[in-house]
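# A look at the structure
The chain contents come next:
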Amino acid sequence: QLVGGFLASVYTIYILKKLQPADYGAYTVYLALTLIIFTLQNLRLDDAITRFVKKPYSKSSIDIFKTSFFIVFATSIFICSILLVFAADISSALFHDLKYTGFLKIMFVSTTLMALSSPFKGLVYGLKRFVHLAAVETCITIVNVLVGFFLLTQGYGIIGVALGMLFGNFIGLLFFTA
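Residues numbered from 1 in each chain as written. Predicted model: local features only at pLDDT ≥ 70, side-chain atom pairs only at ≥ 80, totals over all residues. Heavy atoms only, no water.

With that settled, consider unusual backbone geometry. Even without being glycine, Leu 43 reaches a positive phi, approximately 50°. Relative to the helices and strands, Leu 43 is located in the loop between helix H2 (21-42) and helix H3 (45-52). At Lys 128, a residue that is not glycine, the phi angle is positive and equals roughly 60°. With respect to the helices and strands, Lys 128 occurs in the loop between helix H6 (101-126) and helix H7 (130-153). Accessibility expressed as a relative area gives 53% for Lys 128, which makes it exposed. (Helix = DSSP H or I, 4+ residues; strand = E, 2+ residues; numbered from the N terminus. Buried < 20%, exposed > 50% of the residue type's maximum accessible area, 1.4 Å probe, protein only.)

Here's what the structure looks like:
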């Protein structure tokens, strides 16, 4: 986790050096919206799974996980669908510019992937498999940084940052479900 935290910090400084000044606000909105949307999508059920799932194959643990995952899945898909439909309106309201519509769409899908992986993260944490948890979170950060860094150097700007997060969250979902 130390490596992931260090990479994320250095990457944030790099992002701010590579983005155009007009995109600084978009990056800040990106961080704030990600937190808000993620909280609405996962309803903090990952914390409930962590608290109540202690035995991997007990009926109660399986029921808690299945119910939590179904709720997160349904909520995430519903919220993401609404946000994707109104992405242009949200872009216009937040940025007074439609050029950020694609950026917002990528962000909405990325946050949905992050929310879908959260029940698995709660399960791994609840079962005290900390090495697995740290490995997956570090992989997410590394993929995010590598993809984002590459796309930023290719001139993709704020879209590159969002795509880095999208790929990182996709890899996280794959690794958590493995």
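The rest of the description comes next.
Here the largest pocket defines a volume of roughly 700 Å³. Lining the largest pocket are 30 residues; nearest its centre among them are Met 114, Lys 121, Ile 140, Met 165 and Asn 169. Among the secondary structure elements, those contributing two or more residues to the lining of the largest pocket are helix H1 (2-18), H2, H3, H6, H7 and helix H8 (157-177). Here the second largest pocket defines a volume of roughly 280 Å³. Every residue lining the second largest pocket is counted, 15 residues in all, and those nearest its centre are Tyr 57, Leu 123, Val 124, Leu 127 and Arg 129. (1 Å grid on protein atoms, 1.4 Å probe; cavity = no way out; pocket = protein on both sides within 12 Å on 5 of 7 lines; lining within 4 Å. Points joined across faces, edges and corners; volume = space filled by probe spheres on them.)

Honestly, it's all geometry; don't read function into it.
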